[in-house]
There are 2 protein chains.
Amino acid sequence: MTKPPNDTRRPLTLRDVSEASGVSEMTVSRVLRNRGDVSATTRSRVLEAAKQLGYVPNKIAGALASQRVNLVGVIIPSLGNLVFPEVLAGISDGLEGSGLQPVVGVTDYSPEKEESVLYEMLSWRPSGVIIAGLEHSEAARAMLINAGIPVVEIMDADGEGVDSVVGISHRRAGLQMAEAIVTAGYKRIGFLGSKMPEDHRARKRFEGFKEGLAAAGLSIADEEFYGGGSALAKGREMTQTILTRSPDLDFLYYSNDMIGAGGMLWCLDTGYDVPNQIGMAGFNGLRLLDGFSRRLATMDSCRREIGLKAAEIIAGVPHSGMIGGEKLVLEPVLQMGDTIRKV
Amino acid sequence: MTKPPNDTRRPLTLRDVSEASGVSEMTVSRVLRNRGDVSATTRSRVLEAAKQLGYVPNKIAGALASQRVNLVGVIIPSLGNLVFPEVLAGISDGLEGSGLQPVVGVTDYSPEKEESVLYEMLSWRPSGVIIAGLEHSEAARAMLINAGIPVVEIMDADGEGVDSVVGISHRRAGLQMAEAIVTAGYKRIGFLGSKMPEDHRARKRFEGFKEGLAAAGLSIADEEFYGGGSALAKGREMTQTILTRSPDLDFLYYSNDMIGAGGMLWCLDTGYDVPNQIGMAGFNGLRLLDGFSRRLATMDSCRREIGLKAAEIIAGVPHSGMIGGEKLVLEPVLQMGDTIRKV
DNA sequence: GTGAAAGCGCTAACAT
DNA sequence: ATGTTAGCGCTTTCAC
């Protein structure tokens, strides 16, 4: 394979391949897309020329002409949180074989940024959009409705979607965890979470959690919130802080596994008897934490499957018909781990 | 903000805005792009009409006409490994304000997939490509050279690049770690890593490491490799395995911090005296691990800065001139942590 | 099985 | 400050 002789710095076009092979542009196009009937000889002659020249088709022109773009916009709040790359992995799997490619946009949990990222994406006329959460600005919702393409809102099932929805009920997840804690006999419960008002899923879990406690006549005894930084380190710090302030707490509910793991490390280092003296639980079911000596109680957020299903919905929608409106609510499984005492 | 009255399911065009506002398509285009002089009145009339209709420009057509695409292709091996999202964050920062947007492609460490992802990306005629590593297939190299756009190969500086290069010398990183270990007086050294033949950076670190040991008349006493799974858990398992097989090892060098942390947890749980009985070190400088009770010795891989600089190179290249060929070698800092004994 | 013509929705370049 | 014309590189459609 020698270096293609593209001396002129002008990108190669179909016409170049056409001239090099002595075949019309149209037929070259057919060969390169495996469309229509082309004789074996013409076919191989074209492929030879294309390879020889190092021709790379121009999808921009192709997309404009065909009104077809094999891209799926994926909009998520962050890449720093382990959870989202896993959703992406699921999406990537779900798109496998469909010819569609994900294009990722990150919002940093900012509604304004979400709006601009969405606008940017839609301007490339993707075949579909997968977007985290159900809460969007008015303008963003309008764009999603108006885009005329399948939209899947993922990760959250507590609310109304624009089109299709794939997620779990975070409210119910919080509620179920509260029930498990109450059943185990814990009474003085602390909550530790992030102070991101725009993390609606964390907020809903917290609300469901409080609701579950309330049903048993209990409420949050103390709470602690954090901003940026290494989640593990923050979990450690916050745990020390809250237990110093409220030494009588017998359970700590963390809004995610990373801070929960940090808290667990601190409790074990400090000599707490987990789960008898103090119980603890997180959220997400992060496999990352499998290597710890104790397994933190948690609840799987089904993120890989969510990505997979969302992608399948996009990939499965026929090019014209677009029915949509599916709502798929997955059921997370409570994993008791080693940090909730047996009843 | 009422729902835009786009009754016909046909996407809106510039012409629609033109008709709605009574301004020529060309002037509408100018307004929407803030290009050229437009009177304040026409301007506001156009913006009003565009907003009213919910018009989203078609970048495909725009790109085709202007031969300008504000996209930067970013090709990385994986999203599951913490390291790459951090590089992405750096790229995202470096692109800030340039008007360029990253489009991410994942190769799963497969040269074939890298080739197809690259082909796919180039077919969108991006303004530049940032790609992990210096090792590519012949065809991939040819595409990169032939693309006629700035290319930045990142993360590795041990070798020749196609155009610009931003990275660290993994060989030197391994070598320096070996020197630190030798200096601390360790003699019986084990290596634990992944068995990914395509992870050239890990391979180079290992080679540099062995070279560093050799310079002191030492060599690897035992080694252990792993495949998939939770890295923390694997680090734990492998550490048990290698120390059972070779109980006389006094140092363990891990190819990354996650397996190193797993190993550290196991050693501490098992009652090893770290760092006196056994020392250990990883690689990457993961801040994620800040919450552990001991800090693992490690070496910063400068991944955020690598992303930042690579993006700046792409963003800084003038639209035509394309000089390129920069090579930026960053210097990782050795962090001794708590797992190498003081001399 | 192959080719010619028209045009996708925009913007560069040139009017005015 | 605004409008007109001619394409960008491909694919659709229709002809042969």
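All figures in this text were calculated on a predicted structure; none of them were measured in a lab. (Residues numbered from 1 in each chain as written. Chains lettered and ligands numbered in written order. Predicted model: local features only at pLDDT ≥ 70, side-chain atom pairs only at ≥ 80, totals over all residues. Heavy atoms only, no water.)

Can you walk me through the overall build of chain A in this structure?
The helix and strand inventory of chain A stands at twelve helices and twelve strands. The globule rule puts the C-alpha radius of gyration for 343 residues at 20 Å, and the 26 Å found for chain A is more than 25% above it. Dimensions of chain A, computed from the C-alpha atoms along their principal axes, are close to 85 × 45 × 35 Å. Taking all 343 residues of chain A together, 54% fall into the buried category. (Helix = DSSP H or I, 4+ residues; strand = E, 2+ residues; numbered from the N terminus. Rg over C-alpha atoms; globule rule 2.2 N^0.38 Å. Buried < 20%, exposed > 50% of the residue type's maximum accessible area, 1.4 Å probe, protein only.)

Quick question: what am I supposed to make of the interface of chain A and chain B here?
You'll often see interface size given as the accessible area lost when the parts meet. Contact residues are listed per partner, giving 53 residues for chain A and 54 residues for chain B. Both sides together, the interface formed by chain A and chain B hides about 4,800 Å², and carbon and sulfur atoms give 62% of it. In this structure, the connection of chain A to chain B is made through two salt bridges. A salt bridge links K59(B) to E120(A); the nearest nitrogen and oxygen atoms lie 2.6 Å apart. (Contact = heavy atoms within 4.5 Å. Buried area = accessible area lost by both parts, 1.4 Å probe. Salt bridge = Lys/Arg side-chain N within 4 Å of Asp/Glu carboxyl O.)

I would appreciate a short explanation of the sheet that holds strand β7 (residues 220–226) of chain B in the present structure.
Backbone hydrogen bonds hold the strands of a sheet together, and the pairing may be parallel or antiparallel. Residues and elements named next belong to chain B. Pairing in this open sheet of four strands is parallel, and the strands run β7-β6-β8-β9 from one edge to the other. The open sheet is flanked by β7 and β9 (279–281), the only strands paired with a single partner. Recorded for the sheet is a direction-independent mean angle of 15° between the axes of neighbouring strands. When strand β8 (residues 251–254) meets β9, the two strands line up parallel, connected through three bridges. When the bridges of β9 are listed, F251 appears paired with G279. Where helix α11 (residues 257–270) meets the sheet, its contacts fall on β6 (189–194), β7, β8 and β9, and the angle it forms with β9 comes to roughly 160°. (Pairing = 2+ DSSP bridges. Axes fitted to C-alpha atoms, helices over the stretch in contact; angles between N-to-C directions.)

What is the right way to read the protein's contact with DNA strand D from this model?
DNA strand D sits among 24 residues. The nearest are L14(A), M26(A), S29(A), Y55(A) and R30(B). The sugar-phosphate portion of DNA strand D accounts for 64% of its atoms within 4 Å of the protein, the bases making up the rest. Contact distances for DNA strand D include 3.3 Å between a phosphate oxygen and a side-chain N or O atom of R33(A). Within the side chain of Q67(B), an N or O atom sits 3.1 Å from a sugar or linking oxygen of DNA strand D. (Near = heavy atom within 4 Å. Polar contact = N/O pair within 3.5 Å; in protein donor to acceptor, adjacent residues only side chain to side chain.)

Sorry if this is basic, but what is going on with the confidence of the model for chain A here?
Per-residue pLDDT for chain A has a mean of 93; in total, 95% of the residues score no lower than 70. Considering only residues more than four positions removed or in separate chains, one finds that residues 1–7 of chain A, a stretch of pLDDT under 50, has twelve contacts. (pLDDT = per-residue confidence, 0-100.)

It is not clear to me how the packing of helix α5 (residues 83–95) of chain B against helix α12 (residues 303–316) of chain B should be interpreted in this structure. Could you clarify?
Helix packing geometry: the angle between the two helix axes and the distance between the axes. Residues and elements named next belong to chain B. Axis separation between α5 and α12 bottoms out at 7 Å; the angle between their running directions is 40°. Our pair here, α5 against α12, has a crossing hand that is right-handed. Seen from α5, the contacting residues are V83, E86, V87, A89, G90, I91, D93, G94 and L95; seen from α12, they are R303, R304, G307, L308, A311, E312 and A315. Class assignment of the residues belonging to the contact of α5 with α12 gives a composition of eight nonpolar, three polar and five charged. (Left-handed = near helix turned anticlockwise from the far one by under 90°. Nonpolar A, V, L, I, M, F, W, Y, C, P; charged D, E, K, R; others polar.)

Even after reading the chapter, I still don't get the protein's contact with DNA strand C, so can you show me in this structure?
Not every one of the 24 residues close to DNA strand C is listed here, only the nearest: R30(A), T42(A), L14(B), S29(B) and Y55(B). If you look at DNA strand C and keep only atoms within 4 Å of the protein, 70% of those are sugar or phosphate atoms. R33(B) is positioned such that a nitrogen or oxygen atom in its side chain is 3.3 Å from a phosphate oxygen of DNA strand C. One nitrogen or oxygen atom from the side chain of Y55(B) is found 2.4 Å from a phosphate oxygen belonging to DNA strand C. For the surface near DNA strand C, the secondary structure elements donating two or more residues are α2 (25–33) and α4 (59–66) of chain A together with α2 (25–33) and α4 (59–66) of chain B. In terms of residue class, the surface near DNA strand C is made up of ten nonpolar, ten polar and four charged.

Can you walk me through the sheet that holds strand β3 (residues 128–132) of chain A in this structure?
Residues and elements named next belong to chain A. Overall, parallel pairing links the six strands, which are arranged β2-β1-β3-β4-β5-β11 in an open sheet. A single partner strand is all that each edge strand has here, and the edge strands are β2 (101–106) and β11 (327–329). Strand-to-strand twist in this sheet, taken as the mean axis angle between neighbours without regard to direction, amounts to 15°. Contacts from helix α5 (residues 83–95) reach β1 (71–76), β2, β3 and β4 (151–156), with the element oriented near 165° to β1.

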